[in-house]
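The residues making up each chain are set out below.
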Amino acid sequence: MKIAIIGTGRMGKALLKAFYRAYPSQILFAGRKAEEAQLITSELSLTIQAVQLQDALQADIIIPALWFKDLQPWVEAHREQLRGKILIDITNPFNATFDDLTTGYGTSAAEELQRLVPETKVVGAFKNTFWVVFDQPEHRGILSDVFLTSDAPDALEKVRQVLEPLPFRLFDAGKLKNNRTIERMTLLSRELSLKTGTYPRVSFHLWGV
Ligand SMILES: NC(=O)c1ccc[n+]([C@@H]2O[C@H](COP(=O)([O-])OP(=O)(O)OC[C@H]3O[C@@H](n4cnc5c(N)ncnc54)[C@H](OP(=O)(O)O)[C@@H]3O)[C@@H](O)[C@H]2O)c1
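Keep in mind that this is a model prediction, so the values were computed, not measured. (Residues numbered from 1 in each chain as written. Predicted model: local features only at pLDDT ≥ 70, side-chain atom pairs only at ≥ 80, totals over all residues. Heavy atoms only, no water.)

1. A look at the site of the ligand
Close to the ligand lie 20 residues, the nearest being Arg-10, Met-11, Arg-32, Leu-66 and Trp-131. The separation between an oxygen atom of the ligand and a polar side-chain atom of Thr-8 is 3.3 Å. Arg-32 places a polar side-chain atom, nitrogen or oxygen, 2.9 Å from an oxygen atom of the ligand. Considered on its own, the ligand offers 890 Å² of accessible surface; in the complex 83% of this is hidden by protein. Looking at the shell around the ligand, the elements with two or more residues in it are helix 1 (10-22) and helix 4 (68-77). The element contributing the most residues to the shell around the ligand is helix 4, with 3 residues. (Near = heavy atom within 4 Å. Polar contact = N/O pair within 3.5 Å; in protein donor to acceptor, adjacent residues only side chain to side chain. Areas by Shrake-Rupley, 256 points an atom, 1.4 Å probe, with all protein chains shown as cover. Helix = DSSP H or I, 4+ residues; strand = E, 2+ residues; numbered from the N terminus.)

What follows is the structure, given as structure tokens:
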């Protein structure tokens, strides 16, 4: 099984480090600028080479670390290569001023993506995990929660198994429509952490479950 991480930004790097620790020989890492992706693997002293985007799309599980506005045309352009695969959606559709979402209350980024690629199984994950949290997902002995969502139970279960070695508490958080809540909760947690001065070190831990 191969896992592709696509994107050289903050989340791309954070995901690369986390997945590489668990699956050093199964990761394919790519960015739209090949030299930038290669520089990242060198800077992190990883034993893998970055690959071309087309090669990364051969993976079984694909995690694009792009903004929702960029991801929509990206999945449409790569619909054929994504067919039959699992796509892990990490996006929060924040607007340009980070005070609302670009999606209405009746939908979510995850649902919109699933609509664009019906023959790909979309699994939501890591939407509430800010990039710095990956380096230290434990706070005073409590783990950061990752909410897994999908309309395909087999894909959700597969991703749950793949994420088990990562240092997070995992929840089966139900259908993709629950991302209407998860994505808005992430927006709120961002705002609250900015107010309290802890941004970007903020995550969910649902107490009592
Ligand atoms: N930041 C967080 O803490 C956090 C937490 C949870 C979820 N997320 C979600 O994660 C996603 C990425 O966030 P981020 O903070 O990592 O953003 P970022 O640092 O701005 O990185 C975004 C990356 O997307 C790349 N990109 C854009 N269009 C592309 C394309 N067509 N092909 C390949 N790469 C492309 C950009 O590449 P270039 O460098 O070449 O422009 C950039 O490296 C967003 O959807 C966000 O909602 C973020």
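2. Considerations on the packing of helix 4 against helix 6 (residues 109-116)
The contact between helix 4 and helix 6 brings their axes to 9 Å, and the two run at 15°. In terms of axis orientation, helix 4 runs roughly parallel to helix 6. Handedness of the helix 4/helix 6 crossing: right-handed. For the pair helix 4 and helix 6, the contacting residues are Phe-68, Leu-71, Gln-72, Val-75 and Glu-76 in the first and Ala-109, Glu-112, Leu-113 and Leu-116 in the second. (Axes fitted to C-alpha atoms, helices over the stretch in contact; angles between N-to-C directions. Parallel < 35°, antiparallel > 145°, perpendicular 65-115°, else oblique. Left-handed = near helix turned anticlockwise from the far one by under 90°. Contact = heavy atoms within 4.5 Å.)

3. Remarks on the sheet that holds strand 8 (residues 145-150)
A sheet is described by the order of its strands in space; here 7 strands give the open sequence 2-1-3-4-5-8-9, paired in mixed fashion. The sheet terminates laterally at strand 2 (27-30) and strand 9 (169-172), the two strands that pair on one side only. Geometrically, the sheet is characterised by an average inter-axis angle of 25° between neighbouring strands, direction not taken into account. Pairing of strand 8 with strand 9, which is carried by 4 bridges, proceeds in the parallel orientation. Bridged to Phe-147 within strand 9 is Phe-171. On the sheet, helix 6 packs against strand 4 (86-89) and strand 5 (121-124) and is oriented at approximately 170° with respect to strand 5. Packed onto the sheet, helix 7 (residues 153-163) meets strand 1 (3-6), strand 3 (61-64), strand 4, strand 5, strand 8 and strand 9 and runs at close to 155° relative to strand 8. (Pairing = 2+ DSSP bridges.)

4. Observations concerning the nonpolar core
Counting residues in hydrophobic clusters, the biggest one holds 37 residues, and the most contacted among them are Leu-15, Phe-19, Ile-63 and Phe-126. For this core, the secondary-structure elements that each account for two or more residues are strand 1, helix 1, strand 2, helix 2 (34-43), strand 3, strand 4, strand 8 and helix 7. Here the element with the most residues in this core is helix 1; it accounts for 7 residues. Apart from the residues lying within four places of it in its own chain, the contact partners of Leu-15 are Ile-5, Tyr-20, Ile-63, Ala-65, Ile-90, Phe-126 and Phe-134. (Core = buried A, V, L, I, M, F, W, Y, C linked by side-chain atoms within 4.5 Å. Buried < 20%, exposed > 50% of the residue type's maximum accessible area, 1.4 Å probe, protein only.)

5. A look at the side chain of Thr-91
Of note, Thr-91 is situated in the loop between strand 4 and helix 6. Judged by relative accessible area, Thr-91 falls into the buried class, the value being 3%. A polar contact of 2.7 Å, which involves the side chain of Thr-91, links it to the side chain of Asp-89. Setting aside residues up to four positions removed in sequence, Thr-91 forms contacts with Leu-66, Trp-67, Phe-68, Leu-71, Ala-109, Leu-113, Lys-127 and Glu-183.

6. A word on the layout of surface pockets
Estimates place the volume of the largest pocket at around 800 Å³. Every residue lining the largest pocket is counted, 31 residues in all, and those nearest its centre are Gly-9, Met-11, Ala-65, Leu-66 and Trp-67. Taken together, the residues that form the lining of the largest pocket break down as 15 nonpolar, 9 polar and 7 charged. The computed volume of the second largest pocket comes to approximately 300 Å³. Along the wall of the second largest pocket there are 15 residues; nearest its centre are His-139, Ile-142, Arg-201, Val-202 and Ser-203. Mapped onto the lining of the second largest pocket, the elements with two or more residues apiece are strand 6 (138-139) and strand 7 (142-143). Split into classes, the residues belonging to the lining of the second largest pocket amount to 7 nonpolar, 6 polar and 2 charged. (1 Å grid on protein atoms, 1.4 Å probe; cavity = no way out; pocket = protein on both sides within 12 Å on 5 of 7 lines; lining within 4 Å. Points joined across faces, edges and corners; volume = space filled by probe spheres on them. Nonpolar A, V, L, I, M, F, W, Y, C, P; charged D, E, K, R; others polar.)

7. Looking at the packing of aromatic side chains
Evaluated as defined, the whole model comprises 10 aromatic pairs. Each ring, one from Phe-126 and one from Phe-134, has its centre 5.3 Å from the other, and the planes form 45°; the classification is tilted. This pair shows no difference in class: Phe-126 is buried, exactly as Phe-134 is. Note on Phe-147 and Phe-171: the rings are 5.8 Å apart at their centroids and 35° apart in plane angle, and the pair reads as tilted. One end of the pair, Phe-147, is in strand 8; the other, Phe-171, is in strand 9, with 24 residues separating them in the sequence. Counting every residue linked through ring pairs, the aromatic cluster contains Phe-19, Phe-126, Phe-134 and Phe-168. Looking at Arg-10, its charged tip hangs above the ring of Trp-131, at a distance of 4.2 Å from the centre. Here the basic side chain of Arg-190 rests over the ring of Tyr-199, its NZ or CZ set 5.3 Å away from the ring centre. (Phe/Tyr/Trp six-rings, centres within 6.5 Å; stacked < 30°, edge-to-face > 60°. Lys NZ or Arg CZ within 6 Å of the ring centre and 35° of its normal.)

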